[in-house]
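Per-entry structural report
Each chain, written out:
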Amino acid sequence: DMRTVISVLFALFLISLPLTAIAAEGPMELPAGSNSGADMHNKAGIKNWNAGNIEGALKHFQEASAEDSTIAETHFNEAVSLDKLGRHGDATMHFGAAKKHAKGNDKILKSPILNGHLR
């Protein structure tokens with residue numbers, strides 16, 4: 001019947017949305033005491049993200065990761081940016097790196113968007 005058709009179409013619509021649209025998860029600040037260059041780029045990335053410049057944000061998050069690739073939050077921030085840009089394969093790779101370096105950080109380990117990519 002028509003309700004079934006509408007339900008199926010609505011479900012397909014939800015599946016087609018980037019996971020960020022549902023979870024509304026954005027970039028994270030770096031932990032206190034992180035590499036200062038990484039922190040500077042991360043803060044610039046968050047400013048770009050908040051201004052709606054996702055490409056610019058991604059470039060800064062990539063620079064932050066280049067400064068120190070062991071910071072989980074820089075990988076997480078790259079991943080949410082990549083997800084927002086529809087680059088899900090690359091996003092999944094960086095969510096994996098974020099999980100690997102999370103050091104027990106529940107904000108990363110229990111992130112719906114991260115776990116949506118890594119299931």
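Attention here is on the structure that accompanies the text. Note that the structure is a prediction, hence the values are computed from the model and not measured.

**Concerning the overall build of the protein**
Regarding its fold elements, the protein presents eight helices and zero strands. Along the chain direction, N to C, the helices and strands of the protein fall in the order α-α-α-α-α-α-α-α. By sequence separation, contacts in the protein at least 24 residues apart represent 52% of the contacts at least 6 residues apart. Working note: accessible area of the protein is about 6700 Å², and carbon and sulfur atoms make up 59% of it.

**Regarding the nonpolar core**
Nonpolar side chains in soluble globular proteins generally cluster together in the buried interior. One finds Phe76, Val80, Phe95, Ile108 and Leu114 to be the most contacted residues of the largest nonpolar core, which totals 19 residues. Contributions of two or more residues to this core are made by helix H3 (36-50), helix H4 (54-67), helix H5 (72-84), helix H6 (88-100) and helix H8 (112-118). In terms of residues, this core owes the most to one element, H5, which gives five residues. Filtering out sequence-adjacent residues up to four positions away, phenylalanine 76 remains in contact with Glu25, Gly26, Met28, Phe95, Ala98, Ile108, Ser111, Ile113 and Leu114.

**Looking at the packing of H3 against H4**
Two quantities define a packed helix pair, namely the angle between the helix axes and the distance between the axes. Two numbers describe how H3 lies on H4: the axes approach to 8 Å, and their chain directions differ by 165 degrees. As summarised for this structure, H3 and H4 are arranged roughly antiparallel, according to the angle between their axes. Note that H3 runs across H4; the crossing there is left-handed. Within the contact between the two elements, H3 uses Gly37, Ala38, His41, Asn42, Ala44, Gly45, Ile46, Asn48 and Trp49 and H4 uses Ile54, Gly56, Ala57, His60, Phe61, Glu63, Ala64 and Glu67.

**Describing the packing of H5 against H6**
H6 packs onto H5 with a crossing angle of 160 degrees between their chain directions and a minimal axis gap of 8 Å. When the axis of H5 is compared with that of H6, the two are roughly antiparallel. Crossing of H5 against H6: the hand is left-handed. Taking contact as the criterion, the partners of Ala72, His75, Phe76, Glu78, Ala79, Val80, Leu82 and Asp83 in H5 are, on H6, His88, Asp90, Ala91, His94, Phe95, Ala97 and Ala98. Of the residues assigned to the contact of H5 with H6, the class counts are nine nonpolar, three polar and three charged.

**Comments concerning the packing of aromatic side chains**
According to the stated counting rule, one finds one aromatic pair in the structure shown. A ring pair is formed by phenylalanine 76 and phenylalanine 95, whose centres lie 5.6 Å apart and whose planes are at 70 degrees; its orientation type is edge-to-face. Of this pair, phenylalanine 76 sits in helix H5 while phenylalanine 95 sits in helix H6, and the two are 19 residues apart along the sequence. A relative accessible area of 0% means that phenylalanine 76 is categorised as buried. A relative accessible area of 0% places phenylalanine 95 in the buried class.

Calculation criteria
- Residues numbered from 1 in each chain as written.
- Predicted model: local features only at pLDDT ≥ 70, side-chain atom pairs only at ≥ 80, totals over all residues.
- Heavy atoms only, no water.
- Helix = DSSP H or I, 4+ residues; strand = E, 2+ residues; numbered from the N terminus.
- Contact = heavy atoms within 4.5 Å.
- Areas by Shrake-Rupley, 256 points an atom, 1.4 Å probe, with all protein chains shown as cover.
- Core = buried A, V, L, I, M, F, W, Y, C linked by side-chain atoms within 4.5 Å.
- Buried < 20%, exposed > 50% of the residue type's maximum accessible area, 1.4 Å probe, protein only.
- Axes fitted to C-alpha atoms, helices over the stretch in contact; angles between N-to-C directions.
- Parallel < 35°, antiparallel > 145°, perpendicular 65-115°, else oblique.
- Left-handed = near helix turned anticlockwise from the far one by under 90°.
- Nonpolar A, V, L, I, M, F, W, Y, C, P; charged D, E, K, R; others polar.
- Phe/Tyr/Trp six-rings, centres within 6.5 Å; stacked < 30°, edge-to-face > 60°.

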